[in-house]
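Coordinate analysis (summary)
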Amino acid sequence: MDAINWSELTFGYLKTDYNVRSHYRDGKWSDPEISDSEFLNLHIASSCLHYGQEAFEGLKAFRGKDGKIRIFRMRDNALRMQASARGVMMAEFPVELFEKAVVEAVKRNERFVPPYESGASLYVRPLLIGTSAQVGVKPAREYTFVVFVTPVGPYFKEGFKTTPVVIYREYDRAAPLGTGTIKVGGNYAASLVAGEKAHENGYSAVLYLDAREKKYIDECGPANFFGIKNNTYITPQSTSILPSITNKSLIQLAEDEGLSVERRSIPIEELGTFEEAGMCGTAAVISPIQRVDDVAENKSYVFSADGKPGVICEKLYQKLRAIQYGDAPDNYGWVTVL
Ligand SMILES: *Cc1c(COP(=O)(O)O)cnc(C)c1O
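Observations concerning the overall build of the chain
The number of helices and strands found in the chain is 6 helices and 18 strands. The C-alpha radius of gyration of the chain comes to 20 Å, within 12% of the 20 Å expected for a compact globule of 338 residues. Residues classed as buried in the chain amount to 53% of the 338 residues present. Split by element, the accessible area of the chain, about 15,400 Å² in all, is 51% carbon and sulfur. One finds the centroid of the 39 positive side-chain charges in the chain at a distance of 2 Å from the centroid of its 43 negative side-chain charges.

This is the structure we're talking about:
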């Protein structure tokens, strides 16, 4: 293998040595098995290909100063994947098997876990698909779970910085009582048009409003939204937001820092009152928002005139990263040390 240039890694796919798979047949999951193939042999009538029976997860493994590998909150990802499975009527993958498969996938690809100094990490991608042949619309009888890993570069290559996001009122990501709360590929397919348009126009993401009234902040394409004001961490509550594990972690850390926390509807105009705002998710932890452009209304809400992240975003970001890399104590049992 050519040596990997850790500093040049992006958020892409780099082939690793092994992935781990399990199959559901006759009502039972097989023990996770190791594969060195990057391909799946799928039936052309698999339900995942036609009716979107697919769910995925995203988590990371980090190498600490001590050389040890730490996986962040994988039990939460296991539970969330079960919720996603229920949401699109797939067989739930057992939590213990999920943890076993993730640990195995990370261990077998240990040489791809970037060194501490690089600021890079190993991205872990579990997925679950319906595989039995089905032409009528109904849930599959057979499923496949796969977990693969790929090293990814630090999200902020030029240091922690803000980016602009945009509100496009002519698009919705998820319906109010639809699949927004589960992590399924279909939500991402539905957000590609708006997302690409945002990127072409220089924005890092789309900030979606509630689909029913277009009055409240929902979430960003692949990340939850939060705002900071009066020493309070405020994040939207709705029936179409994906419960971000990063958001949940930041809420705990914000409370530890003495901030109040509010989970509630956030009317758009309230954007004008926030001192800081950010997007959060596994990929970046926090991606602080420079400004939100509400294009149709010809309005801009600016959080950072000089492009620098706010002090609370910076503090929460550093705190969570320190726990992930093992530089700060893991007071809540979030980390699995291999
Ligand atoms: C995965 C995801 C997030 C972030 O969740 P994390 O668990 O923090 O990575 C936020 N929003 C959507 C729509 C997602 O799919």
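Still more ground to cover, so stick around.
Comments concerning the packing of aromatic side chains
Evaluated as defined, the whole model comprises 19 aromatic pairs. With 5.8 Å between their ring centres and 85° between their planes, Phe-156 and Tyr-317 make a pair best called edge-to-face. With Phe-156 in the loop between strand E8 (143-152) and strand E9 (163-167) and Tyr-317 in helix H6 (residues 311-324), this residue pair connects regions lying 161 residues apart in the sequence. The pair formed by Phe-156 and Tyr-317 is uniform in burial state, with each residue classed as buried. An aromatic cluster of at least three residues, connected via ring pairs, comprises Tyr-24, Trp-29, Phe-93, Phe-98, Tyr-143 and Phe-145. When the ring centre of Tyr-18 is taken as origin, the NZ or CZ atom of Arg-108, which lies over that ring, is 5.9 Å away. The ring of Tyr-168 has Lys-197 lying over it, and the distance from NZ or CZ to the ring centre is 4.6 Å.

Description of the pattern of salt bridges
Taken as a whole and judged by the stated rule, the model has 22 salt bridges. Between Glu-99 and Arg-75 there is a salt bridge, with its nearest N and O atoms 3.4 Å apart. One end of the pair, Glu-99, is in helix H3 (residues 95-108); the other, Arg-75, is in helix H2 (residues 74-87), and 24 residues separate them in sequence. You can call Glu-99 buried: its relative accessible area is 18%. One salt bridge connects Arg-291 with Asp-293, and the closest N-O pair in it is separated by 2.9 Å.

Brief notes about a nonpolar patch on the surface
On the surface, Tyr-51, Val-135 and Val-137 cluster together into a nonpolar patch covering about 340 Å² of accessible area. Judged by its relative accessible area of 70%, Val-137 is exposed.

Calculation notes
Residues numbered from 1 in each chain as written. Predicted model: local features only at pLDDT ≥ 70, side-chain atom pairs only at ≥ 80, totals over all residues. Heavy atoms only, no water. Helix = DSSP H or I, 4+ residues; strand = E, 2+ residues; numbered from the N terminus. Rg over C-alpha atoms; globule rule 2.2 N^0.38 Å. Buried < 20%, exposed > 50% of the residue type's maximum accessible area, 1.4 Å probe, protein only. Areas by Shrake-Rupley, 256 points an atom, 1.4 Å probe, with all protein chains shown as cover. Lys, Arg positive; Asp, Glu negative; His and termini not counted. Charge placed at Lys NZ, Arg CZ, Asp CG, Glu CD. Phe/Tyr/Trp six-rings, centres within 6.5 Å; stacked < 30°, edge-to-face > 60°. Lys NZ or Arg CZ within 6 Å of the ring centre and 35° of its normal. Salt bridge = Lys/Arg side-chain N within 4 Å of Asp/Glu carboxyl O. Patch = residues over 30% accessible without salt bridge, like charges linked within 9 Å, V, L, I, M, F, W, Y side chains within 5 Å.

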